[in-house]
Every structure is written in C-alpha cells, then in structure tokens.
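Coordinate inspection notes
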Amino acid sequence: MPKPVVAVPADIRVIEDAIWHAAPDQYLKAAAKVAGVMTLIVPAFEEGNDIDSILDRVDGVLVSGAASNVHPSLYGKEATEIDGPFDPARDATSLPLIRRAIERGIPLLAICRGIQELNVALGGTLASEIQEQPGIWDHRKPPVPERDGMYAIRQPVFVEEGSCIANYLGLAGEVQVNSLHRQAIAETAPRLKVEATAEDGTVEAVSVIDAKNFAVGVQWHPEYWAETDAPSRALFEAFGEAVRAYAGRSQGKQDMPIARAS
Ligand SMILES: N[C@@H](CCC(=O)NCCCC(=O)O)C(=O)O
C-alpha cells in the first residue's frame, strides 16, 4: 500500500521580497521518519481555498507551529501590538482545514500554533504575552543561538490519567516537554477537553470531544525530538497509525465521490 499523505498548512514567508509558502522541516521529517507518512504542504491563501478538494486527497492533517499568531478578530477581540505578528493567509487556510478534518473524521495533530488554531477554530480564545500575567511562567523560546537549545526539553506538564493524550503518549502524570510560545489558550473551546496542563495552569494539550478519529493538540513540540524522546515518538507513531487506518478505511471509498457539505 502506498504511504498515506498528510496535509501541512504552510506559513507565508517573505524571502528577498518574494512570497513563499513554507513549512518547517522538523515537522515534515518527524512525520516521515516516525509517523511513517508522506506530507503535502498546503499553500496558504487568504481566499479561494477549496478545503474539501484538499481533504479528499489526504489521510491526515498536521498543523505546525509558527512564530506568527492567530489574528484576534478570529476570536472576537481587537488586535493590539502585543498580539502580532500575524499571518492571515495561514489563518484563512488552517482554521477551515481543522474544522473540516474534524467533521470528516480525518486524523488531526495540532502543534503549538496548531493547538491555538484548533481552539479558535472551535470557538475558543487566546491570551497573548502570557508570561506577563501573574503566576504564569515564561514559556517563550529560550534566548540561545542553537535550535537544540531553543527546543530543549525543560518543563513538566501533567497529563490526565485515562485521557486521549495519555493513551497516545503511552503515559500519564508528569511528562517533560519543551516550550516555545508567548500565547496560550484562554477560554477553551466548548468541544475541547483539556488533557494536560503546566504547573502554572497553562493549557498544554487538548482533545476534541466526541471526535470521530485521532484529534488532539499539544502546546509543546513533540516533532523536534520525535526520534529520540519516548513520549514524542509515541505521539507521532500513534498519529501515523491513525492516518494509516484512515487511509485503509477510505481506500475503498476513493472510487466514489466523498459526500460534501451542500
Ligand atoms: N506564535 C505562537 C505559537 C508559537 C509557536 O508555534 N512556536 C513554534 C515556532 C517558534 C519560532 O519559530 O519562533 C505563540 O507564540 O504562542
């Protein structure tokens, strides 16, 4: 059977005055080497996206982290200078992709910006510069030059016993993770269950309530150490298994047009 394919929504980057649609290598490598799937970078357009046309052709969705933030207007807030930088094309592509993947039961793994997009896509809100709030740690990217240091595993999160995340990680209770974010979930979307938190109460993992398939988000970065860190590896392996199962289950249907929302 050919390897299943996972959609990865791109970020917009400007390189020498040219607009690029880009996805970070670390997510694509973790998907290939640990989840055992192929990835397809989905261009980020502010309009004209035919989401079902993309989802008809993939077996999973992997939503990566990014230095940009979800625009506050998407969760009912006025944008202020602390909420940026923004990537409206990423927002316009990623949020509908997340919602439709959940509706269609296509496996979804959302990481860092991805969990924040998942929360907003389902009606939740975000807080900016969380480290400025009383009692909240500094979850930002460590100010070190090398990437291994930026993504160093350095903080405990507490995973709920019996949760989806515990099942996928292969353990519950205290898990050591990395942390590179300035925003976090403020109001959790009604359809999300918080399944892991940091000691300061920051939401670190969620699952979609009554999901038809694998559908979780994590605030940390399992992709970075997916080959060497056991919980990171387990999460990507579980995602790969869900994607292969979906590919196998939908194989027979690919001869028939998939029912589309009217
Ligand atoms: N912008 C959001 C999400 C942070 C995130 O996805 N970090 C990973 C990329 C880090 C980087 O490249 O700077 C937030 O800050 O909360």
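Residues numbered from 1 in each chain as written. Predicted model: local features only at pLDDT ≥ 70, side-chain atom pairs only at ≥ 80, totals over all residues. Heavy atoms only, no water.

Under the annotation held in an unreviewed UniProt entry, the protein chain carries the name gamma-glutamyl-gamma-aminobutyrate hydrolase and is attributed to Neorhizobium alkalisoli. Its UniProt record gives the protein chain the following Catalytic activity (unreviewed entry) comment, quoted word for word: "4-(gamma-L-glutamylamino)butanoate + H2O = 4-aminobutanoate + L-glutamate". According to the UniProt record, the Pathway (unreviewed entry) comment for the protein chain reads "Amine and polyamine degradation; putrescine degradation; 4-aminobutanoate from putrescine: step 4/4." (UniProt positions renumbered as here; feature names shortened; annotations may be inferred.)

Details of the confidence of the model for the protein chain
Scored by pLDDT, the protein chain has a mean of 95; 95% of the residues are at 70 or more. When the criterion is pLDDT under 50, residues 253-262 qualifies, and its contacts beyond four places in sequence or with other chains add up to 10 contacts. (pLDDT = per-residue confidence, 0-100. Contact = heavy atoms within 4.5 Å.)

A short note on the sheet that holds strand β5 (residues 60-63)
Backbone hydrogen bonds hold the strands of a sheet together, and the pairing may be parallel or antiparallel. Spatial strand order, β4-β1-β5-β6-β13-β12-β11-β8-β9: nine strands in an open sheet with mixed pairing. Here the strands that pair on one side only, and so sit at the sheet edges, are β4 (38-42) and β9 (173-177). The sheet shows a mean angle of 25° between the axes of neighbouring strands, direction not considered. Note: strand β1 (residues 5-9) against β5, two bridges, orientation parallel. Counted as the bridge partner of V6 is G60 from β5. Along the sheet, helix α3 (residues 88-104) contacts β1, β4, β5, β6 (108-111) and β12 (203-208); its crossing angle with β5, the most-contacted strand, is approximately 140°. (Pairing = 2+ DSSP bridges. Helix = DSSP H or I, 4+ residues; strand = E, 2+ residues; numbered from the N terminus. Axes fitted to C-alpha atoms, helices over the stretch in contact; angles between N-to-C directions.)

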